[in-house]
Each structure stands twice: as C-alpha cells, then as structure tokens.
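Here is how the chains run, residue by residue.
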Amino acid sequence: MSEKKAIIDVVIPAFNEENSVDKVIEDIPKSLVREIIICNNASTDRTAQVARAKGATVVLQPERGYGNACLKGLEHIAQKAILPDVVVFLDADYSDYPEEMTGLVAPILQGEKDLMIGSRALGNLEPGSMTPQQIFGNWLATTLIYFFYNYKFTDLGPFRAIRYSELLDINMQDKTYGWTVEMQVKAAKLKLRCGEIPVQYRKRVGHSKISGTIKGTILAGHKILWTIFKLL
Ligand SMILES: Nc1nc2c(ncn2[C@@H]2O[C@H](COP(=O)(O)OP(=O)(O)OP(=O)(O)O)[C@@H](O)[C@H]2O)c(=O)[nH]1
Ligand SMILES: [Mg+2]
C-alpha cells in the first residue's frame, strides 16, 4: 500500500451495551481509525447516547440480529464519498482488547493479508470469558472449514479486519449468528489471503446474551453449522 495513510473504519454491533460501549470506544487507537460506527441494534438502554457522547457515529438497526447490525454499518460506509481501505469489526461488550487493533490490521496495511482474525484460541482467555461449548463450537466450525476448504483458522472471533474491496466481493448476507463463519467460508472460497493473531479475551461487561445461555448457544451453534453446509 502506498505511503497514503490507510483509511480504517470500525464497525461495532451493539445491543444494550450502555455499560461497556464507552470503554470499547475509549480503547480504540484514535490515530489509526477514521470513524467508529456503533450499530445500535434496537437497544432499550442508553447505548446510543453513551456512544455519541464518546464521539462515535451511531447508526440504528431496528431489526435484531448480530449480522443485521453489521450490515447496517456496511450500509453507512457504502454511502461515503471516500471508501475505506480496511474495515475492522469488534464487539461492544468490552470482551475484546481494542488496543490490539494495531497488530490486527498491520499485515493488511503491509499488503500481505486480506482478512485478519483475532484468535482467542491462540491468545489469552480470562477464565470464564468463553464457555466450553463455545470453544468446542469454534473448534468444530474451523475444523470443518479446514476439511472442506483446506483453510486453517483457529477461531471465529468477533475481533477481525478485512480489506474493504474484498469485503465487497464476499457480499455478506447473514443477519444473525452466521456472520463470522460466513465471512471466513467465503474468504476461503475466494482464496483470500487470511491470517490470525493471538488476542486476549476477557469476560464481557454485563450478563451474557448468547454464549452463556442455552438458547443462545444452540441457536448460534445451529446457525454456524447450517451456514458452513449451505455455502458448500
Ligand atoms: N445478543 C445479541 N447481541 C447483539 C445483537 N445485535 C448486536 N449485538 C451485539 O453483538 C455483539 C456480540 O453479541 P454477544 O451477546 O456479546 O455474543 P457473545 O459474545 O457470543 O456472547 P455473550 O458475550 O456471552 O453474550 C455484542 O456487541 C452485542 O451487543 C443481537 O440482536 N443479539
Ligand atoms: Mg460477547
């Protein structure tokens, strides 16, 4: 990539994260990014106000679902006069370490990679930050991707970065829990240059909405496996 400073936008799906979204925004390296886009997924708390007070852009996605929230963020980006070079995704519950974004995007800015995943499997997990079924589910999904596409991933982590031009080629569709695996399966199918860095992961702020609930785990698990086989 030429000397021109790369343009990086950050997409953060958020549903009722008023107690954490400000910490996430605060820890993002400001000199690295152009815009922080909080995709407010019909929150009933003060997520939007807290995020705006921190200087972030807030876009509203009335339709629930992790993928829906991310798609709204991409819709906002697509309307820009100057499109970004890279888009970074991370969660709003402060389980990721936003300051690790510099290391995550570096291989893309150096022109070596197209998609970078922050791997919690390679990184340091705070005890209790991921459930055994979540760890097993990610292992199973990444093993299936390796089996079908010979692409080695170790996690379906939310903290990731992708070259915008490749993100457009991938043409993301999923509206709920299949978002992360859809991106990785399609990246493998398009033979994108994918990489991972170890990232730290801590317990989320607030009560678990997905991984810590039976319903959330089953729904997410089912959607992830369904997405892998649907895209075969
Ligand atoms: N659960 C849920 N999260 C959403 C939704 N829309 C956006 N999000 C955000 O998506 C991110 C991931 O959701 P999480 O609930 O953290 O999912 P998880 O990390 O698998 O599980 P927990 O952190 O244990 O709840 C968070 O930033 C949420 O606020 C939605 O409809 N449902
Ligand atoms: Mg979480």
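All figures in this text were calculated on a predicted structure; none of them were measured in a lab.

*Asks:* Please clarify how the packing of aromatic side chains should be interpreted in this entry.
*Replies:* Think of a pair of aromatic rings as described by two things: how far the centres are apart, and how the planes are tilted against each other in angle. Within this structure, the stated rule accounts for 6 aromatic pairs. With 5.9 Å between their ring centres and 65° between their planes, Phe89 and Trp179 make a pair best called edge-to-face. One end of the pair, Phe89, is in strand 4 (residues 86-89); the other, Trp179, is in helix 7 (residues 179-189), with 90 residues separating them in the sequence. A centroid spacing of 5.8 Å and a plane angle of 35° characterise the contact between Phe136 and Trp139, whose relative ring orientation is tilted. With Phe136 and Trp139 both in helix 5 (residues 132-149), this residue pair falls 3 residues apart, about one helical turn. Ring pairing ties together the aromatic residues Phe147, Phe148, Tyr149 and Phe229, which thus form one cluster. Positioned over the ring face of Tyr201 is Arg120, at 4.8 Å from the centre of the ring. In this structure, Arg202 packs its charged tip against the face of Tyr94, placed 3.6 Å from the ring centre.

*Asks:* Please clarify how the environment of Ile224 should be interpreted in this entry.
*Replies:* Looking at the secondary structure, you find Ile224 in helix 8 (residues 214-230). For Ile224 and Ile145, which are 79 residues apart along the polypeptide, the C-alpha to C-alpha distance reads 11 Å. Setting aside anything within four residues of it in sequence, one finds Ile224 in contact with Ala141, Leu156, Tyr177 and Val181.

*Asks:* Looking at this structure, how should I read the pattern of salt bridges?
*Replies:* Proximity of charged atoms lets side chains of opposite charge pair with each other. In the structure shown here, the tally under the stated rule is 13 salt bridges. Residue Asp9 pairs with Arg34 through a salt bridge whose shortest N-O separation is 2.6 Å. Taken together, the residues span a long stretch of sequence, with Asp9 in strand 1 (residues 8-14) and Arg34 in the loop between helix 1 (21-27) and strand 2 (35-40) at a distance of 25 residues. Overall, Asp9 belongs to the buried group, its relative accessible area being 0%. For Arg34, a relative accessible area of 36% gives the class partly exposed. A salt bridge links Asp9 to Lys80, with the nearest nitrogen and oxygen atoms 3.9 Å apart.

*Asks:* Quick question: what am I supposed to make of the site of ligand 1 here?
*Replies:* Within the structure, ligand 1 sits among 19 residues, and Glu17, Asn41, Ser208, Lys209 and Ser211 are positioned closest to it. In the environment of ligand 1, an oxygen atom lies 2.6 Å from a nitrogen or oxygen atom belonging to the side chain of Glu17. Between an oxygen atom of ligand 1 and a side-chain N or O atom of Arg204, the distance comes to 2.7 Å. Protein burial of ligand 1: of its 580 Å² of free accessible surface, 91% is covered by the chains.

*Asks:* Looking at this structure, I do not really get the sheet that holds strand 5 (residues 115-119). What am I missing?
*Replies:* Note on sheets: strands pair through backbone hydrogen bonds, and any given pair is parallel or antiparallel. Pairing within the open sheet is mixed, and its 7 strands lie in the order 3-2-1-4-6-5-7. Edge strands, defined here as strands with exactly one partner in the open sheet, are strand 3 (57-60) and strand 7 (194-198). Strand after strand, the sheet turns through a mean of 20° between neighbouring axes, direction not considered. Pairing geometry for strand 2 and strand 3, over 4 bridges, is parallel. Pairing of Cys39 across the sheet is with Val59, part of strand 3.

*Asks:* So what exactly am I meant to see when it comes to the state of the cysteines here?
*Replies:* By definition, a disulfide links two cysteine residues through a covalent bond between their sulfur atoms. Scanning the entire structure with this criterion turns up 0 disulfides. As a non-bridged cysteine, Cys39 has Cys70 as the owner of its nearest cysteine sulfur, 6.3 Å distant. For Cys39, a relative accessible area of 0% corresponds to the buried category. The thiol of Cys194 is unpaired, and the distance to the nearest cysteine sulfur, on Cys70, comes to 17 Å. The exposure class of Cys194 is buried, given its relative accessible area of 17%.

*Asks:* Looking at this structure, I do not really get a nonpolar patch on the surface. What am I missing?
*Replies:* A grouping of Phe147, Phe148, Phe229 and Leu232 is seen on the molecular surface, where their side chains present a nonpolar patch of about 440 Å² in accessible area. By the secondary structure assignment, Phe148 is in helix 5. Under the relative-accessibility criterion, Phe148 is labelled partly exposed at 30%.

Scoring rules and cut-offs
Residues numbered from 1 in each chain as written. Chains lettered and ligands numbered in written order. Predicted model: local features only at pLDDT ≥ 70, side-chain atom pairs only at ≥ 80, totals over all residues. Heavy atoms only, no water. Phe/Tyr/Trp six-rings, centres within 6.5 Å; stacked < 30°, edge-to-face > 60°. Helix = DSSP H or I, 4+ residues; strand = E, 2+ residues; numbered from the N terminus. Lys NZ or Arg CZ within 6 Å of the ring centre and 35° of its normal. Contact = heavy atoms within 4.5 Å. Salt bridge = Lys/Arg side-chain N within 4 Å of Asp/Glu carboxyl O. Buried < 20%, exposed > 50% of the residue type's maximum accessible area, 1.4 Å probe, protein only. Near = heavy atom within 4 Å. Polar contact = N/O pair within 3.5 Å; in protein donor to acceptor, adjacent residues only side chain to side chain. Areas by Shrake-Rupley, 256 points an atom, 1.4 Å probe, with all protein chains shown as cover. Pairing = 2+ DSSP bridges. Axes fitted to C-alpha atoms, helices over the stretch in contact; angles between N-to-C directions. Disulfide = S-S within 2.5 Å. Patch = residues over 30% accessible without salt bridge, like charges linked within 9 Å, V, L, I, M, F, W, Y side chains within 5 Å.

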